[in-house]
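Coordinate analysis (summary)
The chain contents come next:
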Amino acid sequence: MTDGFPSDTDHGRRRLLGIGAGTTLGAVLGMVVPFEKNWPRGLIPAAFAQDTGMDLMAGKSGLIVLSDRPLNAETPAHLLDDDITPAERMFVRMNGLVPQTALDGNAEGWTLTIDGEVDTPLSLTIADLQSKFETVTRRLVLECGGNGRAFFQPGTSGNQWTMGAVGCPEWTGVRLADVLKAAGVKSSAVYTGHYGNDPHLSGDDGKDTISRGVPIEKAMEDDAIIAWAMNGEPIPALHGFPLRLLVPGYPGSVAHKYLTRIWVRDQVHDGEKMTGYSYRMPAYPVPPGTEVPEEDMVIMTEMPVKSIITFPQTGGAVAADGTHEVRGHAWAGNGDVAAVHVSTDFGQTWQEAALDAAPNRFAWQRWRANISFPMAGYYEVWARATDMNGVAQPPVSPAWNPRGYANNIQHRIAILAE
Ligand SMILES: Nc1nc2c(c(=O)[nH]1)N[C@H]1C(S)=C(S)[C@@H](COP(=O)(O)O)O[C@H]1N2
Ligand SMILES: [Mo]
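Only a predicted model underlies this, so the values are computations on that prediction, with no experimental measurement involved.

Calculation rules
- Residues numbered from 1 in each chain as written.
- Chains lettered and ligands numbered in written order.
- Predicted model: local features only at pLDDT ≥ 70, side-chain atom pairs only at ≥ 80, totals over all residues.
- Heavy atoms only, no water.
- Pairing = 2+ DSSP bridges.
- Helix = DSSP H or I, 4+ residues; strand = E, 2+ residues; numbered from the N terminus.
- Buried < 20%, exposed > 50% of the residue type's maximum accessible area, 1.4 Å probe, protein only.
- Salt bridge = Lys/Arg side-chain N within 4 Å of Asp/Glu carboxyl O.
- 1 Å grid on protein atoms, 1.4 Å probe; cavity = no way out; pocket = protein on both sides within 12 Å on 5 of 7 lines; lining within 4 Å.
- Points joined across faces, edges and corners; volume = space filled by probe spheres on them.
- Nonpolar A, V, L, I, M, F, W, Y, C, P; charged D, E, K, R; others polar.
- Near = heavy atom within 4 Å.
- Polar contact = N/O pair within 3.5 Å; in protein donor to acceptor, adjacent residues only side chain to side chain.
- Areas by Shrake-Rupley, 256 points an atom, 1.4 Å probe, with all protein chains shown as cover.
- Sits in = over half its atoms within 2 Å of the grid points.
- pLDDT = per-residue confidence, 0-100.
- Contact = heavy atoms within 4.5 Å.
- Core = buried A, V, L, I, M, F, W, Y, C linked by side-chain atoms within 4.5 Å.

The next thing to look at is the sheet that holds strand β25 (residues 411-417). If you trace the five strands from one edge of the open sheet to the other, you get β18-β25-β24-β20-β21, paired in mixed fashion. The strands lining the two open edges of the sheet, one partner per strand, are β18 (316-318) and β21 (351-352). As judged from the six bridges shared by strand β20 (residues 337-343) and strand β24 (residues 377-387), these two strands associate in the antiparallel manner. In the strand pairing of β24, valine 340 is matched with alanine 385.

Below, the discussion takes up the pairing of strand β6 (residues 135-139). Covered by surrounding structure in β6 are Val136 and Arg138 only, the residues Thr135, Thr137 and Arg139 on the alternate face being uncovered. One ladder, built from five bridges, connects β6 with strand β9 (residues 170-175); its direction is antiparallel. The partner of threonine 137 across the bridge, within β9, is threonine 172.

Looking now at the pattern of salt bridges. Evaluation of the coordinates by the stated rule reveals 14 salt bridges. A salt bridge links arginine 327 to glutamate 325, with the nearest nitrogen and oxygen atoms 2.9 Å apart. Bridged by salt links that share partners, the residues Asp81, Asp83, Glu325, Arg327, Arg366 and Arg368 form one connected network.

In this approach, a probe sized like a water molecule rolls over the atoms, and the result shows the empty space that is left. The full count for this structure, using the stated rule, is four cavities of 30 Å³ or more. Lining of the largest cavity is provided by 20 residues; of these, Arg93, Arg244, Gly252, Ala255 and Lys257 occupy positions nearest its centre. Of the residues contributing to the lining of the largest cavity, the split by class is 10 nonpolar, six polar and four charged. In this structure, the second largest cavity spans a volume of roughly 160 Å³. Val141, Pro248, Gly249, Tyr250 and Trp331 are the residues nearest the centre of the second largest cavity, which is lined by 20 residues in total. Taken together, the residues of the lining of the second largest cavity sort by class into 15 nonpolar, four polar and one charged.

Backbone hydrogen bonds are what pair the strands of a sheet, in a parallel or an antiparallel way. If you walk across this open sheet you meet the three strands as β1-β2-β3, and the pairing is antiparallel. Every other strand in the sheet has two partners, leaving β1 (64-68) and β3 (92-93) as the edge strands with one partner each. With two bridges joining them, strand β2 (residues 71-74) and β3 adopt antiparallel strand pairing. Directly across from alanine 73, in β3, lies its bridge partner valine 92.

What follows concerns the site of ligand 1. As a structural note, the neighbourhood of ligand 1 is formed by 20 residues, with Phe91, Asn95, Asp198, Arg244 and Lys257 the closest of them. One of the backbone N or O atoms of asparagine 95 is found 2.7 Å from an oxygen atom in ligand 1. In the model, an oxygen atom of ligand 1 is placed 2.5 Å from a nitrogen or oxygen of the lysine 257 side chain. When ligand 1 sits alone it has 530 Å² of accessible area, and the protein chains cover 100% of it. More than half of the atoms of ligand 1 fall within 2 Å of the grid points belonging to the largest cavity. The residue makeup of the shell around ligand 1, split by class, is 11 nonpolar, five polar and four charged.

Bringing the confidence of the model for the chain into the picture now. Within the chain, residue pLDDT values average 92, and 91% of them lie at 70 or more. The low-confidence segment residues 1-21 (pLDDT under 50) makes 38 contacts with residues lying over four places distant or belonging to another chain.

Right, let's get into the nonpolar core. Grouped together as the largest cluster of nonpolar side chains are 44 residues, with contacts concentrated most on Val98, Ile114, Leu129, Ile226 and Leu243. Considering every element that reaches this core, the biggest residue donor is helix α5 (residues 176-183), with four residues. Residues Ala330, Val340, Val342 and Phe373 belong to the second largest nonpolar core, which totals 22 residues.

See the structure below:
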């Protein structure tokens, strides 16, 4: 099994594989099954089937499941306090099903193909990647393009992520640029197209679950990596075992899991969820609720500046006197964050937080502030990050868009001073 899945999941699966003529369902599930005699032999108990999400979430702790088919789960902000997000706290965004290879932790014969607009198409094993290219380890923020969707008015369709479709694990792999250079990128190259082996929800082999890409200039920057490890362990099944791409700064959807192929295109990639309204924003500001013509939608690129408050947990009580630490993380799709400010008076006044430097580009940055209260009562702490261009998070949802992307509204928490 891959890291992040405790042994009881492992047992569950092994027991499941062992279901044979003499096996009872009660033994498999470890509990009494009153209608045991009606159980059709060979039928996988729903408790273990992929569409419940139960078994798959066994390695997670405290996440909120937003949908179970496909599996989508976010992390409450106070559980994102670690500088390096552990696997058990990492949000999950599946567009399709978790591939069996990942569930089995089976990377045997895995190859990554680089083809299209390259001089020499490559077929690389994981051992090739590890031996032929320089290994790099980096903390990289991964944030779903739809994080914050729940705050748009009127609401938009899709997972109603609040603040927790984001994390910053430490990834180990090789630079995407080094691999592309080894293949020799032709001058005709325009875009990348990413492919993996996760099955489409319909089970139809002919359908891609998702296939997004980035402009070749972005792919050739130093920051994007092809990773085989997360937090020093093989990448967990839900996060892309055995290989995944990370293209920091861009929406998480370009960070392809279960990576099998990078097709270098001579045009803007037109794979699954690259076209129409998927991961696209109106080319101009629109009033909330507007129907925007498809041809006016443009591909999302850099994610906006954002921050979260990870301590204290919202809703807690503190002593009205004295000072109290609040802290969290801040990140921006265009590089480093310039400043973080906090307010305890609904945004009338702001105090600057101490902000740590990023350990590497596109890692989130720790911020801390000491706050105090003039008297007992209900307060909110609001946090506001500002990027290097002086652009700050808004106190209300930013530009409404048909699919509810890129909402970097300020995070606020409730505190009772008593
Ligand atoms: N193969 C594959 N890669 C994928 C996806 C997917 O469904 N299949 N989802 C994408 C989206 S939309 C996001 S936000 C991130 C989520 O990564 P995580 O589940 O590891 O947090 O993976 C991206 N890569
Ligand atoms: Mo996403």
